[in-house]
Amino acid sequence: MDELLHSIEQKVRPLIGAGKVADYIPALANVDPNQFGIAIYSNSGELFHTGQADTEFSIQSISKVFSLTLAMKHYGEDMWQRVGREPSGNPFNSLVQLEYEAGIPRNPFINAGALVVSDMNQSRFASPHYAMREYIRRLSGNQGLTSDKTVSNSEYEFRARNASMAYLMKAFGNFHNDVEDVLHNYFDNCAMRMSCIDLAKAFSFLANKGYCQHSGEQVISAREAKQVNGLLATSGLYDEAGNFAYRVGLPGKSGVGGGIVAIVPNRFSVCVWSPELNTSGNSLAGIAALEALSDSIGWSVFG
Ligand code: GLN
């Protein structure tokens, strides 16, 4: 496995230069683009990695999966009254569907959907970001994880789009808490810093029927894990979910920090990271690395 990971790194590193680091959050624009890491964690607890797999980066939208599973545990099926389960076919930060779909976002992985899920968590916890941070620390087995205040403050300053969708949903009655409070918590969650190794471990419950072996916790039920994987496969990469299914064939979730997590059900959780993004906001070298891995190991869930 080490040799394979090394050869994949050699193969995809030359792609660095063809994409663009996220700069709509000014504090992310300064990240060195020339970085790449990958980590694979097996259901039996083996860890394989190469490159900068223990360098922390901004997890951004990958946090939406943690928010969803935390909310699911409490709200169960009721949560689907407020957020849909269909791919949007639109960019992650699009507002267009909200207006004619009565403020119900298409799915929990576009920004509008994640904001509604954050609103649900806001109703439950006195300190929603701290509840989330504890949850992520437990799932990753890393008690030292923190959120980068410079990044979350920068995103709050340039929050116009996210604020617009949250206020529009509030106008439709699909937002129950103070918008600005929810935005702060949402940005703090997105600004969590984790490495590929932390993320591969933190996502292992989705590869393992909802069970996190290193914390000994049944995070969600096996049925819910299957459901989350289905949503990740259809919406985890926004308007590129089809392309990702075609090239990689695994449930996955990306973030504009350049991380992508993928699940090989019943076997592995994987995280790749390289900061340069394609036009859909997904890591260019990251997708290529997952495609190469999926091709060489025969991982696709589609056969
Ligand atoms: N925090 C980012 C935002 O709300 C997350 C987007 C992403 O990673 N796709 O715009």
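Residues numbered from 1 in each chain as written. Predicted model: local features only at pLDDT ≥ 70, side-chain atom pairs only at ≥ 80, totals over all residues.

The name recorded for the protein chain in an unreviewed UniProt entry is Glutaminase, from Marinomonas arenicola. In its Sequence similarities (unreviewed entry) section, UniProt records this for the protein chain: "Belongs to the glutaminase family." Annotation of the protein chain in UniProt includes, under Catalytic activity (unreviewed entry), the sentence "L-glutamine + H2O = L-glutamate + NH4(+)". (UniProt positions renumbered as here; feature names shortened; annotations may be inferred.)

A. Geometry of the overall build of the protein chain. The number of helices and strands found in the protein chain is 13 helices and 11 strands. Taken over C-alpha atoms, the radius of gyration comes to 18 Å for the protein chain, in line with the 19 Å a tight globule of 303 residues would show. Here the C-alpha coordinates of the protein chain stretch approximately 55 × 40 × 35 Å along the principal axes. Across the 303 residues of the protein chain, 52% fall into the buried class. Pairs at least 24 apart in sequence give 67% of the contacts found in the protein chain among residues at least 6 apart. (Helix = DSSP H or I, 4+ residues; strand = E, 2+ residues; numbered from the N terminus. Rg over C-alpha atoms; globule rule 2.2 N^0.38 Å. Buried ≥ 20, exposed ≤ 12 C-beta atoms within 10 Å, placed from the backbone. Contact = placed C-beta atoms within 7 Å.)

B. Spatial organisation of the UniProt feature "binding site: substrate" (unreviewed entry) in the protein chain. What UniProt calls "binding site: substrate" (unreviewed entry) maps, in this numbering, to S61, N111, E155, N162, Y186, Y238 and V256. Mapping S61 onto the fold places it in the loop between β4 (57–58) and α2 (63–75). Those residues within four positions of S61 in sequence are excluded, and the remaining contacts are F92, F109, C190, K253, S254, G255 and V256. Relative to the helices and strands, Y186 is located in helix α8 (residues 179–190). Ignoring any residue separated from it by four or fewer positions in sequence, one finds Y186 in contact with A114, L115 and S118.

C. Spatial organisation of the sheet that holds strand β2 (residues 37–42). The strand order across the open sheet built from five strands is β3-β2-β10-β9-β8, with neighbouring strands paired in antiparallel fashion. What marks the edges here is a single partner per strand, and that holds for β3 (47–51) and β8 (252–254). The sheet shows a mean angle of 10° between the axes of neighbouring strands, taken without regard to direction. Bridge count between strand β9 (residues 259–264) and strand β10 (residues 268–273): six bridges; the pairing is antiparallel. The residue bridging I260 from the neighbouring strand is V272, located in β10. (Pairing = 2+ DSSP bridges. Axes fitted to C-alpha atoms, helices over the stretch in contact; angles between N-to-C directions.)

D. Geometry of the nonpolar core. By size, the foremost hydrophobic cluster in this structure holds 92 residues, and its most contacted members are C196, L199 and A200. Setting aside residues no more than four positions away along its own chain, A200 makes contact with A39, I40, Y41, S269, V270 and C271. (Core = buried A, V, L, I, M, F, W, Y, C linked by C-beta atoms within 7 Å.)

E. Seen up close, the site of the ligand. Lining the immediate environment of the ligand, one finds Q60, S61, F92, N93, N111, E155, N162, C190, G255, V256 and G281. Tallied by class, the residues present in the shell around the ligand amount to three nonpolar, seven polar and one charged. (Near = placed C-beta within 6 Å. Nonpolar A, V, L, I, M, F, W, Y, C, P; charged D, E, K, R; others polar.)

F. Inspection of the packing of helix α5 (residues 128–140) against α8 at higher detail. The contact between α5 and α8 brings their axes to 9 Å, and the two run at 20°. In terms of orientation, α5 lies roughly parallel with respect to α8. You can see that α5 and α8 cross each other, and the crossing is right-handed. Every residue of α8 that contacts α5 at P128, H129 and M132 is listed here: N185, D188 and N189. Considered class by class, the residues forming the contact of α5 with α8 number two nonpolar, three polar and one charged. (Parallel < 35°, antiparallel > 145°, perpendicular 65-115°, else oblique. Left-handed = near helix turned anticlockwise from the far one by under 90°.)

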